Amino acid sequence: MPRLDPDVSTLINRARAGDIRSRARLFSLVEDGGNPAATALATLAPWGGHARIIGITGPPGAGKSTLVGRLAREIRSRGQTVAILAVDPASPITGGAVLGDRIRMQDLHGDPGAYVRSISTRGALGGLARAVDGMVLVAEALGYDVVLVETVGAGQDEAAIIGVAPTVVVVEVPHLGDDVQSIKAGILEIADVFVVNKADHDGADQAAAMLRAMLSLAPPADGWRPPVLKTSALTGDGVPALLESIHQHQCFLEQSGRLAHWRNERAERQIFEAAQDNFLARLRSSVSAAQLQSLITDVASHRLSAEQAAEQLLDALDQQPMPRYNPTRQEDRFSGS
Ligand SMILES: Nc1nc2c(ncn2[C@@H]2O[C@H](COP(=O)(O)OP(=O)(O)OP(=O)(O)O)[C@@H](O)[C@H]2O)c(=O)[nH]1
Ligand SMILES: [Mg+2]
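Residues numbered from 1 in each chain as written. Chains lettered and ligands numbered in written order. Predicted model: local features only at pLDDT ≥ 70, side-chain atom pairs only at ≥ 80, totals over all residues.

*Asks:* Tell me about the confidence of the model for the protein, and please be specific about residues and values.
*Replies:* For residues with low pLDDT, the predicted coordinates do not support detailed interpretation. Summing up the model confidence of the protein, the mean pLDDT is 84 and the portion of residues at 70 or higher is 81%. Predicted confidence is poor over residues 91–97, with pLDDT under 50, and the contacts of this stretch with residues over four places away or in other chains come to six contacts. Residue range residues 329–337 is modelled with pLDDT below 50. Its contacts to residues more than four positions away, or to other chains, number five contacts. (pLDDT = per-residue confidence, 0-100. Contact = placed C-beta atoms within 7 Å.)

Now the structure itself:
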């Protein structure tokens, strides 16, 4: 258990007391990862687990951010607080999204019960899930009742949303085409609730009918058939019904035991993700720079296979004394024991 840095402790106390700057700094500290994040997360952990986490995904430009802004206002009107975590795709194509999101959600600014925050996708897929998990925990520790996570459904990022949110809303738009292929493979499996947004455009009914037809071909997965709803994020039509469907799914998760199952799966992933960096750092430090260079040269020149070199690294690690926990050292004793 990392000992709490007094600066991190002060930051957490200030953030929890409602200081906006400290809140922003705490989110950044956790997003940046490394030891300070690990220290903060260890302190925050007991405050997690109470928020409803809702994932919103779908193709670029489907209206996710506009819809998230609407959902947030609806949640606020029901007296609950909400944090929005928007994953910034940081691609040249959608690079303007963050600024756009700020504009669309600006009427939430100044409301102490709503918090909007973007997350950059500089890391790999796993790294992203980890950053999102950490920031969800920050939002929970700061007392937000609901956490909305927006991700662009492009590439493999899609599957990652399942790991970070137990309820996933997939946003589609009218004019999916007559072509079933225009619905991305894998999207049917991840959606708990489907939304055809931009229902103020023509073709929303056809798109919804097509989605329902596709869903009817698949056997209902563990007792839940994803509903298909229509919304207009521009006007707000259909947004209360969407929130109602999300709520129903969350009741289903709780009553069926699926939520507990999801929590366990997330916990297992989190343990191994957290162990990974730690383990790799220890593995690297188990040999000297010269030893490592010699292994690299051997593999590069085909004297050794990578597997053989890895074996040697792991052997070196095994021979190291346990660095982490020394019960004879006062500062390593768990407090209260
Ligand atoms: N007509 C209409 N336009 C909408 C609706 N919802 C969103 N839009 C518009 O669609 C555009 C994209 O909306 P965003 O909310 O940024 O979409 P997004 O899915 O978050 O986009 P990315 O995050 O860049 O993938 C904006 O110009 C919105 O005003 C809707 O229900 N009807
Ligand atoms: Mg967006």
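*Asks:* Give a detailed account of the nonpolar core, specifying residues and quantitative values.
*Replies:* General note: in soluble globular proteins, nonpolar side chains tend to be found buried as a group. In this structure, Ile84, Leu85, Val132, Met135, Val138, Val147 and Leu148 are the most contacted members of the largest nonpolar core, which totals 75 residues. Element by element, the count of residues in this core is highest for helix H6 (residues 125–141), at ten residues. No fewer than three residues from each of domain 1 (1–46) and domain 2 (48–256) sit in this core. Contacts of Leu148, omitting those with residues within four sequence positions, involve Ile54, Ile56, Val68, Leu71, Ala72, Val82 and Ile84. (Core = buried A, V, L, I, M, F, W, Y, C linked by C-beta atoms within 7 Å. Buried ≥ 20, exposed ≤ 12 C-beta atoms within 10 Å, placed from the backbone. Helix = DSSP H or I, 4+ residues; strand = E, 2+ residues; numbered from the N terminus. Domains from an automatic or database assignment.)

*Asks:* Tell me what's going on with the packing of helix H4 (residues 64–77) against helix H10 (residues 239–256), and back it up with residues and numbers.
*Replies:* Interaxial distance between H4 and H10 falls to 10 Å at its minimum, and their mutual angle equals 75°. For the element pair H4 / H10, the angle class is roughly perpendicular. In this structure, H4 contributes Arg70, Leu71, Glu74 and Ile75 to the contact, and H10 contributes Val239, Pro240, Leu242 and Leu243. Class assignment for the residues of the contact of H4 with H10 results in six nonpolar, no polar and two charged. (Axes fitted to C-alpha atoms, helices over the stretch in contact; angles between N-to-C directions. Parallel < 35°, antiparallel > 145°, perpendicular 65-115°, else oblique. Nonpolar A, V, L, I, M, F, W, Y, C, P; charged D, E, K, R; others polar.)

*Asks:* Which residues make up the environment of Gln320, and what values go with them?
*Replies:* With respect to the helices and strands, Gln320 occurs in the segment after helix H13 (306–318). Judged by the 12 C-beta atoms lying within 10 Å of it, Gln320 is exposed. Gln320 sits 35 residues away from Ser285 along the chain, and the two C-alpha atoms are 10.0 Å apart.

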